[in-house]
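# Commentary on secondary and tertiary structure
Here are the chains, one letter per residue:
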Amino acid sequence: MRKPPYAGPSDTNDFDDLGPDEAAKLLHSYRLLGDCFELSDDEDMFGRGWLIEGWRDLLEGHQEKLLRAEREMAAAVSLARHEGGSWDDIAQVLRLPPAEVRARFDRPAQDQG
């Protein structure tokens, strides 16, 4: 997790001239934006803030990354099973219930149904 950014004195404030409802909405947006980068370190974040103009910038490219990660996960589970890994062993590594892992990745069950 990255260190909290420096938030020292500043001549301006993002909340200047905002009403309570507007300030609350902006504060909530900032919290959600922070959640998007929860596991990023300072190096990952360097310069990104200047490139984010809205939520579309954050979503762009993530669908392809998600599909790739799912393909890689399925291949890794197939390799684990091929090399004798049990569903319980795989589930323990993935930190998921064995029944969920088996339902999601058991190829023979998927091919039959």
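Residues numbered from 1 in each chain as written. Predicted model: local features only at pLDDT ≥ 70, side-chain atom pairs only at ≥ 80, totals over all residues. Heavy atoms only, no water.

### Thoughts on the overall build of the protein chain
The criterion, for reference: Put simply, DSSP H or I for four residues or longer makes a helix, DSSP E for two residues or longer makes a strand, and each gets a number counted from the N terminus. Note on classification: 1.4 Å probe, protein chains only; a residue is buried when its accessible area is under 20% of the maximum for its type, exposed when over 50%, partly exposed between these limits. By definition in these notes, contact holds between two residues if any of their heavy atoms fall within 4.5 Å. Accessible surface area values rest on a Shrake-Rupley calculation with a 1.4 Å probe, where residue burial reflects the displayed protein chains alone.
Scanning the protein chain from terminus to terminus reveals seven helices and zero strands. When the elements of the protein chain are put in sequence order from the N terminus, they spell out α-α-α-α-α-α-α. Burial statistics for the protein chain: of 113 residues in total, 12% are counted as buried. Summarising the internal contacts of the protein chain: among those between residues at least 6 apart in sequence, 29% fall at separations of at least 24. Summed over all atoms, the accessible surface of the protein chain reaches about 9900 Å², with 55% contributed by carbon and sulfur.

### Some points on the nonpolar core
Buried together is how nonpolar side chains tend to be arranged in soluble globular proteins. Using the following cut-off: Definition used in this section: a nonpolar core is a set of buried Ala, Val, Leu, Ile, Met, Phe, Trp, Tyr and Cys residues joined via side-chain atoms within 4.5 Å.
Counting residues in each nonpolar core, the largest one holds seven residues, listed as Ala74, Val77, Trp87, Ile90, Ala91, Val101 and Phe105. Listed by contribution, the elements that provide at least two residues to this core are helix H4 (62-82), helix H5 (87-94) and helix H6 (98-105). With three residues, H5 is the largest single contributor of residues to this core. Each residue touching alanine 91, except ones within four places of it in the same chain, is listed here: Leu96, Pro97, Pro98 and Val101.

### Concerning the pattern of salt bridges
Counted only if it meets this: Take a side-chain nitrogen of Lys or Arg and a carboxyl oxygen of Asp or Glu: if they are within 4 Å of each other, that pair is a salt bridge.
The tally for this structure, following the rule as stated, stands at three salt bridges. Glutamate 64 is the partner of arginine 71 in a salt bridge, and the nearest nitrogen-oxygen pair spans 3.6 Å. With a relative accessible area of 49%, arginine 71 lands in the partly exposed category. Between arginine 68 and glutamate 72 there is a salt bridge, with its nearest N and O atoms 2.8 Å apart. Of this pair, arginine 68 and glutamate 72 both sit in helix H4, four residues apart, roughly one helical turn. The class of glutamate 72 is partly exposed, set by a relative accessible area of 43%.

### Considering a negative patch on the surface
For clarity, the cut-off: Patch membership requires over 30% relative accessible area and the absence of a salt bridge. Like charges are linked within 9 Å, and nonpolar side chains (Val, Leu, Ile, Met, Phe, Trp, Tyr) within 5 Å. A positive count includes Lys and Arg, and a negative count includes Asp and Glu. His and the chain ends are not counted in either. Every charge is mapped to an atom, namely NZ of Lys, CZ of Arg, CG of Asp or CD of Glu.
On the surface, Asp41, Asp42, Glu43 and Asp44 cluster together into a negatively charged patch. One can find aspartate 44 in helix H2 (residues 42-45).

### Quick notes on unusual backbone geometry
Unusually for a residue other than glycine, arginine 95 sits at a positive phi of about 60°. Judged by relative accessible area, which is 76%, arginine 95 ranks as exposed.

Note that every value here comes from positions in space, so none of it alone points to a role or purpose.
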